[in-house]
Amino acid sequence: VTITTRLLVSHLSGIRHYEKDIAKVKEEKEKANRALKLTKPHQDKEQKEGKGIEKTDSVKPRKEHDGETKSRNSKPGRRDKEFEQEEYYLKEKFESVIESLKIFKNDPLFFKPGSQFLYSTYGFTLLSAVVERASGQKFTDYMLKMFRDLDMLSTVLDDNEAMIYNRARCYVYNKKGRLVNAPYVDNSYKWAGGGFLSSVGDLLKFGNALLYSYQTSQFKNTIGKLLPGYLKADTVAMMWTPVPKTEVSWDRDGKYAMAWAVVEKKQDYGCCRQQRHYASHTGGAVGASSVLLILPEELDFEAVGAQPVAPPRGVIVTIICNMQSVSLNSTALKIAREFDKEKRA
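Computed from a predicted structure; not experimentally measured. (Residues numbered from 1 in each chain as written. Predicted model: local features only at pLDDT ≥ 70, side-chain atom pairs only at ≥ 80, totals over all residues. Heavy atoms only, no water.)

Novice: Would you mind going over helix α7 (residues 200-215) in detail, with residue names and values included?
Specialist: Spanning 16 residues, α7 covers 22 Å between terminal C-alpha atoms, matching the ideal 22 Å at 1.5 Å per step. All of the buried residues along α7 are Asp202, Leu203, Gly207, Leu210, Leu211, Tyr212, Ser213, Tyr214 and Gln215. Buried residues along α7 sit in contact with α8 (233-239), β8 (288-296) and β9 (314-321). (Helix = DSSP H or I, 4+ residues; strand = E, 2+ residues; numbered from the N terminus. Expected span 1.5 Å × (residues − 1). Buried < 20%, exposed > 50% of the residue type's maximum accessible area, 1.4 Å probe, protein only. Contact = heavy atoms within 4.5 Å.)

Novice: I'd like a rundown of the confidence of the model for the protein, residues and numbers included.
Specialist: Put simply, the protein has an average pLDDT of 85, and 83% of its residues get 70 or more. Throughout residues 46-79 the model reports pLDDT below 50, and contacts reaching past four residues in sequence, or to other chains, amount to 109 contacts. (pLDDT = per-residue confidence, 0-100.)

Novice: Describe the sheet that holds strand β6 (residues 261-263), naming the residues involved and giving the relevant values.
Specialist: The strand order across the open sheet formed by five strands is β5-β6-β7-β8-β9, and the pairing between neighbours is antiparallel. What marks the edges here is a single partner per strand, and that holds for β5 (255-256) and β9. With seven bridges joining them, strand β7 (residues 278-285) and β8 adopt antiparallel strand pairing. Across the sheet, residue Ala279 finds its bridge partner in β8, namely Ile294. The sheet strands contacting α7 are β8 and β9, and the helix crosses β9 at an angle near 150 degrees. (Pairing = 2+ DSSP bridges. Axes fitted to C-alpha atoms, helices over the stretch in contact; angles between N-to-C directions.)

Novice: Provide a residue-level description of the packing of aromatic side chains, including the pertinent values.
Specialist: On inspection of all chains with the given rule, the structure shows 12 aromatic pairs. A centroid spacing of 5.7 Å and a plane angle of 45 degrees characterise the contact between Phe117 and Tyr256, whose relative ring orientation is tilted. Placement of the pair is Phe117 in the loop between α3 (97-100) and α4 (121-135) and Tyr256 in strand β5, with a sequence separation of 139 residues. Of the two residues examined, Phe117 and Tyr256, each falls in the buried class. Look at Tyr214 and Trp240: their rings are 4.9 Å apart centre to centre, the planes differ by 55 degrees, and that puts the pair in the tilted class. Placement of Tyr214 in helix α7 and of Trp240 in the loop between α8 and β5 is noted, with a sequence separation of 26 residues between them. You'll find Tyr214 and Trp240 in the same group, each marked buried. An aromatic cluster is built from Tyr18, Tyr88, Tyr89, Phe104, Tyr122 and Tyr189, whose rings are joined through pairwise contacts. (Phe/Tyr/Trp six-rings, centres within 6.5 Å; stacked < 30°, edge-to-face > 60°.)

Written out as structure tokens, the structure is:
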């Protein structure tokens with residue numbers, strides 16, 4: 001078979017996630033699909049009746065992945081099945097991303113690449129090895145240089161030995177429902193999929209850089225006056241274009257694109273629920289949860305006039321908490337919508 005970088009970045013490679021048993025993965029998917037079929041007729045009925053009901057966390061159709069996977073209904077004393085996987089708690093230090101490939105490189109693929117979707121942190125580990133070989137640099141050095149370019153000076157490797165100013169402690173609930181310190185882990189086996197520490201301020205800078213890059217080509221009247229984006233506008237548009245055969249566990253409206261979950265603009269009925277275009281991704285690791293959501297402004301140049309306000313235009317929400325298994329995407333979307341309403345007003 002052939003596995004391309006595009007398949008890796010959209011989780012279509014067939015490379016396993018933390019669960020090694022394909023039968024268990026298929027069983028979980030079948031349960032999720034059954035739950036989705038049961039909830040969909042009720043949701044469709046509400047929409048046709050013009051109620052404009054917002055989809056919330058009250059119904060959970062699929063298992064959460066959330067970057068490093070979180071459970072939407074996690075409660076104190078209840079461990080998410082995903083976090084029961086032994087590989088979450090690896091303590092071995094890997095000197096390079098090439099070395100860390102040994103964890104899964106001899107395991108069989110779960111399906112023919114390109115035929116199905118399966119969220120895979122190890123797929124991103126392989127992707128980081130591709131970046132390392134293509135750039136001729138260590139993956140971690142390449143990323144840290146990029147973070148400096150983006151002025152993300154608080155974003156660093158989650159290295160246990162390094163003294164990191166303002167590093168937060170991480171917490172989990174034990175089996176008795178009591179808050180305890182998260183266990184020691186070494187994330188050097190998955191730098192690309194969950195091995196960096198950051199701050200809310202840095203993630204906002206990251207979101208602004210992407211949104212600016214995305215919108216620069218839309219400001220035709222100011223071409224030549226604007227600095228170029230960090231990425232080409234076409235590149236971001238491609239990254240935020242849904243890929244067929246994908247799904248998103250933390251947002252029922254979305255599809256997976258290239259390393260982002262994307263919801264497309266859509267409205268089926270007048271005076272009913274309207275779907276805005278936005279991109280998001282959640283993250284979860286041992287003792288921590290996060291989200292970054294980008295809601296671009298719907299630009300109307302006829303209303304703006306000949307001199308539009310320069311990009312980025314929209315709302316960016318990021319939340320980081322030092323608690324495991326906290327679902328944050330719906331909260332981020334509600335916050336973004338409130339700020340968007342204020343801007344419109």
